[in-house]
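Here is what each chain is made of, one letter per residue.
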Amino acid sequence: MKNHIISALRLTLVMLVIVGIYLGIVYAGSKVLPTRGNAEIINYKGQKFYANIGQEFKSAKYFHGRPSAVDYNAAGSAGSNKGPSNEEYLQMVQKRIDTLKMQNPEMKDVKVPVELVTASGSGLDPDISPEGALYQAKRIAKVRNISIEKINDLIKNQTEKSLFGPSKVNVLKLNIALNELH
């Protein structure tokens, strides 16, 4: 029995060292990121917003982000856990497609970008593709009475290019820039 206790203590110490080294590497790595591992906070008109957490925009005069499986509740980040063969999930996605086409009638014959009708794994993704933003551009231009060229330029200016992944547009930043156009 004494041998088992000593072996368990040794294993515990080795694991503490390994986990400590791992945590140190992750912490040091986070400090080289643009936000230094912290939330990206935007103060706009006296309110504080977190740019790296998805926000809900319902008004037709704003760009809409990805749907959220957790109703944009950052305390309960999660996906829906429903796969592409789940009938309930497919019906929900089809309902989102129908709603999106109704909100953007001038785009009814254009393929809907997937991120506008499916939630991310966290349910809090703050970004959409440039195609997702462009899909909504005509609606925004019409509702706000702004030329489509200005909206397209705004999307282009707000598009963040990535060295390794696809380009993306932060919906919160895009909507704040949209408000500043007037």
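This text goes with the structure placed above it.
Remember, predicted model here, so these are calculated numbers, not experimental data.

A. Representation of the pairing of strand 2 (residues 47-50) in the model. Sheet topology note: the strand 1 (residues 41-44)/strand 2 ladder contains four bridges and is antiparallel. The residue of strand 2 that forms the bridge with Ile-41 is Tyr-50. Linking strand 1 back to strand 2 in an antiparallel pair, the connection comprises two residues, with Lys-45 at a positive phi of about 50°.

B. Quick peek at the packing of aromatic side chains. Across all of its chains, the model carries one aromatic pair by this definition. Ring geometry for Phe-57 versus Tyr-62: centroids 5.7 Å apart, planes at 45°, classification tilted. Assigned by exposure class, Phe-57 and Tyr-62 land together as buried.

C. Quick peek at helix 2 (residues 87-103). Between its first and last C-alpha, helix 2 extends 24 Å over 17 residues, near the 24 Å set by a 1.5 Å rise per residue. Each element contacted by the buried residues of helix 2 is listed here: helix 3 (130-144). Taking the backbone nitrogen of Glu-88 as reference, a side-chain oxygen 2.9 Å away marks Asn-86 as the first, capping residue of helix 2.

D. Quick peek at the side chain of Arg-144. Tracing the backbone through its elements, the reader meets Arg-144 in helix 3. One buried charged residue, Arg-144, forms no salt bridge at all, with the nearest opposite charge on Glu-180 at 9.2 Å. Looking at Arg-144, its side chain comes within polar contact range of the side chain of Asn-179, at 2.9 Å.

E. Region of the structure containing a nonpolar patch on the surface. Among the surface-exposed residues, Leu-11, Val-14, Met-15, Ile-18, Val-19, Tyr-22, Leu-23 and Val-26 lie close enough to one another that they form a single nonpolar patch of about 760 Å² accessible area. Structurally, Val-26 is set in helix 1 (residues 2-30).

F. Spotlight on unusual backbone geometry. Non-glycine residue Asp-71 carries a positive phi angle of around 55°. Even without glycine at this site, Asn-145 takes up a positive phi of about 55°. Inspection of the secondary structure assignment puts Asn-145 in the loop between helix 3 and helix 4 (148-158). For Asn-145, a relative accessible area of 72% corresponds to the exposed category.

G. Inspection of the environment of Ser-129 at higher detail. Looking at where Ser-129 falls in the secondary structure, it is placed in the loop between strand 3 (127-128) and helix 3. Residue Ser-129 is classed as buried on the basis of its relative accessible area of 15%. Along the primary structure Ser-129 and Val-112 are separated by 17 residues, whereas in three dimensions their C-alpha atoms are 12 Å apart. Engagement of the side chain of Ser-129 in a polar contact is seen with the side chain of Glu-115, the distance being 2.5 Å.

Cut-offs applied
Residues numbered from 1 in each chain as written. Predicted model: local features only at pLDDT ≥ 70, side-chain atom pairs only at ≥ 80, totals over all residues. Heavy atoms only, no water. Pairing = 2+ DSSP bridges. Helix = DSSP H or I, 4+ residues; strand = E, 2+ residues; numbered from the N terminus. Phe/Tyr/Trp six-rings, centres within 6.5 Å; stacked < 30°, edge-to-face > 60°. Buried < 20%, exposed > 50% of the residue type's maximum accessible area, 1.4 Å probe, protein only. Expected span 1.5 Å × (residues − 1). Contact = heavy atoms within 4.5 Å. Polar contact = N/O pair within 3.5 Å; in protein donor to acceptor, adjacent residues only side chain to side chain. Lys, Arg positive; Asp, Glu negative; His and termini not counted. Salt bridge = Lys/Arg side-chain N within 4 Å of Asp/Glu carboxyl O. Patch = residues over 30% accessible without salt bridge, like charges linked within 9 Å, V, L, I, M, F, W, Y side chains within 5 Å. Areas by Shrake-Rupley, 256 points an atom, 1.4 Å probe, with all protein chains shown as cover.

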